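# Architecture at a glance
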Amino acid sequence: MSIAARLKDISFSYPNNSEGALNGLSLEIRQGECVLLCGASGCGKTTVTRLLNGLIPHYYEGDLSGEVTVFGKDIRSTAIEELAGIVGSVFQNPRSQFFCVDTTAELAFGCENMGLAEDEIRSRVDKTVRDMKIEKLLDRSIFNLSGGEKQKIACAGVSAMLPELIVLDEPTSNLDLDAIDGLREIIAGWKAQGRTIVIAEHRLGWLEGLCDRVIYLEKGSLSCDFSGGEFFSLDTEMFSGMGLRAFAAKQNFLESETGISAIKPFENSGSITLDTFVYSYGRHKALDIKRLEIPAGSVTAVVGHNGAGKSTFTRCLCGLQKGFKGRVTVGGKACRPKDMMRLSYMVMQDVNRQLFAESVLEEVMLGADDGAENEAIELLERLGIPELKERHPMSLSGGQKQRVAIASALMAGKRLLVFDEPTSGLDLKSMECTAELLGSLGKDITVLIVTHDMELIDRCCTHILHIENGRI
């Protein structure tokens, strides 16, 4: 079997940043292999994917030594537009790789950039749509898609380009279990076509039986190289010792009855009441809630399949969605959208939208009272990132940015905190720290967590709010 990619004696470091650095890494990936890259946050997984698709050194700067070749092409001397026809990439946040405002144009965009004839582009897009069964996503606004739907469009756009190597970075971080099954089918289809696939991931169970090989990285070096069978036969204690997430949560809370219910003992101290909550995207009614009471002081998981209306619901609740109809009552007092904006704080799914300061500590202190610096530093310690306090927020990994945004929310002193996928991209230790912190809030603060992470729910949530098709 020929070599698809070779990394030889690779060392790399980002400017003023030790996270994600590689130290003398040597690795060969054979053509047609499906390879999983795993390890704790900051171990170098994403850096390896950026070397394979040419983003290092053509986009991300740093000190690079060693040799990287992809299908015989040296990444240093090969223009990134030439690599684009060989390597396809699906990023953790698919929104960051979109260039068009509608889905059909996005599917054709990569092929158009390759200079293909119009008939060839139409043929490729049509075949990809049929193979991936995404007919219902055609001619839709990119902005009105759920996280899972965006991920499908990103995968389809890459697939239509027929790259020899496909690289995926945390592809399931915002997907529900059904969407993950769909992604697994897509990757299995790519394998059947003989594509080479490299996946950097924290959620591992869905890859059992799919990956031929598993590379475990530790502090920028290759620590273990397993066959797929060897890796997925390791016991739970071994995984925990390696800092890896469990294969499956104890319970799939999407199988619970639709509605809101307590899953842990809870002393009710009032409620946030919603009446006639309605919102539409054009003719599509995305939200239709007659009445809902959220227990005050609870930590409530908001669950539902991708596209169920969860994010729309939380944006309306926080007063961020213009044009919605409904009434919110907090502590017996009716609140307008402006009131809810003052009472609440939302950590968005794409945290890049809400990082503004020049350092992590400044970011965490933005909404806090003067003199609360010690409290902010203590909070960073509880989240496991005190050493990042002087770093620029935009220089951090996705999981680190997520924890900075969580710290900012907790320092803002709001009565309602909403987190949209707070553990996306987090390893085992980071997820445990986040769960412990969110679970300890309660009482004076009501917490809503929009999540597909069943482990997080099991560890910290008191209630489940199940939404499907915009309804409770």
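Residues numbered from 1 in each chain as written. Predicted model: local features only at pLDDT ≥ 70, side-chain atom pairs only at ≥ 80, totals over all residues. Heavy atoms only, no water.

What follows deals with the overall build of the protein. Counting its regular elements, the protein contains 16 helices and 20 strands. The C-alpha radius of gyration of the protein comes to 23 Å, within 12% of the 23 Å expected for a compact globule of 472 residues. Principal-axis analysis of the C-alpha atoms gives the protein an extent of 70 × 50 × 40 Å. For the protein, buried positions account for 54% of its 472 residues. (Helix = DSSP H or I, 4+ residues; strand = E, 2+ residues; numbered from the N terminus. Rg over C-alpha atoms; globule rule 2.2 N^0.38 Å. Buried < 20%, exposed > 50% of the residue type's maximum accessible area, 1.4 Å probe, protein only.)

Moving on to the sheet that holds strand E12 (residues 271-281). One key point about sheets: their strands pair by backbone hydrogen bonds, in either a parallel or an antiparallel sense. Pairing is antiparallel across the open sheet formed by four strands, whose spatial order is E13-E12-E15-E16. Looking along the sheet, the strands with just one partner apiece sit at the ends: strand E13 (284-295) and strand E16 (333-335). Across the sheet, the mean angle separating the axes of adjacent strands is 20 degrees when strand polarity is ignored. Where strand E15 (residues 325-330) meets E16, three bridges bridge the pair, whose relative direction is antiparallel. Its bridge partner lying in E16, Val328 is registered against Cys335. Along the sheet, helix H10 (residues 310-317) makes contact with E12, E13 and E15, crossing E12 at roughly 120 degrees. (Pairing = 2+ DSSP bridges. Axes fitted to C-alpha atoms, helices over the stretch in contact; angles between N-to-C directions. Contact = heavy atoms within 4.5 Å.)

The omega angle of the peptide bond from Ile56 to Pro57 is 10 degrees, so this bond is cis rather than trans. Relative to the helices and strands, Pro57 is located in helix H2 (residues 55-58). Of note, the phi angle at Lys133 is positive, near 55 degrees, even though the residue is not glycine. With respect to the helices and strands, Lys133 occurs in the loop between helix H5 (118-132) and helix H6 (147-160).

Looking now at helix H4 (residues 103-113). Turning to H4, its buried residues number three or more, namely Thr103, Glu106, Leu107, Ala108, Gly110 and Cys111. At its buried positions, H4 is contacted by H5 and H6. Among the residues of H4, the N-terminal cap falls to Asp102, whose side-chain oxygen and the backbone nitrogen of Thr104 are separated by 3.3 Å. The positive-phi residue at the C-terminal boundary of H4 is Gly115, with phi of around 80 degrees. (Polar contact = N/O pair within 3.5 Å; in protein donor to acceptor, adjacent residues only side chain to side chain.)

Below, the discussion takes up H6. Think of an α-helix as turning once every 3.6 residues; residues three or four places apart then point the same way. Under the 1.5 Å per step criterion, the end-to-end length of H6 is 20 Å for 14 residues, consistent within 8% with the ideal 20 Å. Most of H6 sits out of view: twelve of its 14 residues are buried. Contacts made by the buried residues of H6 are with strand E6 (87-90), H4, H5, strand E7 (165-169) and helix H7 (177-192). Among the residues trailing H6, Leu162 stands out with phi positive, at a value near 55 degrees. (Expected span 1.5 Å × (residues − 1).)

Residues Asp369, Asp370, Glu375, Glu378 and Glu381 make up a contiguous surface patch of negative charge. Relative to the elements of secondary structure, Asp370 occurs in the loop between helix H12 (360-365) and helix H13 (373-382). (Patch = residues over 30% accessible without salt bridge, like charges linked within 9 Å, V, L, I, M, F, W, Y side chains within 5 Å. Areas by Shrake-Rupley, 256 points an atom, 1.4 Å probe, with all protein chains shown as cover. Salt bridge = Lys/Arg side-chain N within 4 Å of Asp/Glu carboxyl O. Lys, Arg positive; Asp, Glu negative; His and termini not counted. Charge placed at Lys NZ, Arg CZ, Asp CG, Glu CD.)

Before going further, it helps to examine the nonpolar core. In this structure, Leu168, Ile187 and Phe231 are the most contacted members of the largest nonpolar core, which totals 47 residues. Those elements giving two or more residues to this core turn out to be strand E3 (34-38), H4, H5, H6, E7, H7, strand E8 (196-200) and strand E9 (213-218). Residues in contact with Ile187, not counting those within four places in the same chain, are Cys34, Leu168, Ile197, Ile199, Trp206 and Leu210. Judged by nonpolar contacts, the second largest core, of 44 residues, contains Val347, Leu355, Leu438 and Met454. (Core = buried A, V, L, I, M, F, W, Y, C linked by side-chain atoms within 4.5 Å.)

What follows covers the pattern of salt bridges. Under the criterion given, the structure shown has 20 salt bridges. A salt bridge links Arg6 to Glu28; the nearest nitrogen and oxygen atoms lie 2.9 Å apart. Of this pair, Arg6 sits in strand E1 (residues 3-14) while Glu28 sits in strand E2 (residues 17-30), and the two are 22 residues apart along the sequence. For Arg6, a relative accessible area of 33% puts it in the partly exposed group.

Next up on the list: empty space enclosed by the protein. With the rule as written, the count across this model stands at two cavities of 30 Å³ or more. Computed from the structure, the largest cavity encloses a volume of approximately 70 Å³. Around the largest cavity sit Glu170, Ser173, His202, Arg203, Arg245, Glu421, Thr423, Ser424, Gly425, Leu426 and Asp453, which together line it. Its residues placed into classes, the lining of the largest cavity shows one nonpolar, five polar and five charged. In this structure, the second largest cavity is lined by Gly148, Gln151, Lys152, Cys155, Leu175, Ala179, Gly182, Leu183 and Ile186. Mapped onto the lining of the second largest cavity, the elements with two or more residues apiece are H6 and H7. A class-by-class count of the residues in the lining of the second largest cavity yields five nonpolar, three polar and one charged. (1 Å grid on protein atoms, 1.4 Å probe; cavity = no way out; pocket = protein on both sides within 12 Å on 5 of 7 lines; lining within 4 Å. Points joined across faces, edges and corners; volume = space filled by probe spheres on them. Nonpolar A, V, L, I, M, F, W, Y, C, P; charged D, E, K, R; others polar.)

This next bit is on the packing of aromatic side chains. According to the stated counting rule, one finds nine aromatic pairs in the structure shown. Ring geometry for Tyr14 and Tyr60: centres 6.5 Å apart, planes at 90 degrees, overall edge-to-face. Remark: Tyr60 occurs in the loop between H2 and strand E4 (63-70) and Tyr14 occurs in strand E1; sequence separation between them is 46 residues. What makes Tyr14 buried here is its relative accessible area of 12%. (Phe/Tyr/Trp six-rings, centres within 6.5 Å; stacked < 30°, edge-to-face > 60°.)

Pairing is mixed across the open sheet formed by six strands, whose spatial order is E6-E7-E8-E3-E9-E10. Pairing within the sheet leaves two strands with one partner each, and these edge strands are E6 and strand E10 (221-227). On average, adjacent strands in this sheet sit at an angle of 20 degrees to one another, irrespective of strand direction. The pairing of E6 with E7 spans four bridges and is parallel. Its bridge partner lying in E7, Gly88 is registered against Ile166. Taken strand by strand, helix H1 (residues 45-52) contacts E3, E6, E7, E8 and E9, and its axis lies near 150 degrees from that of E7.

To continue, consider the environment of Gly110. Along the chain, the position of Gly110 falls in helix H4. Separated by 26 residues in the primary sequence, Gly110 and Ala84 place their C-alpha atoms 8.6 Å from one another.

Geometric descriptors of this kind do not, in isolation, establish any biological role.
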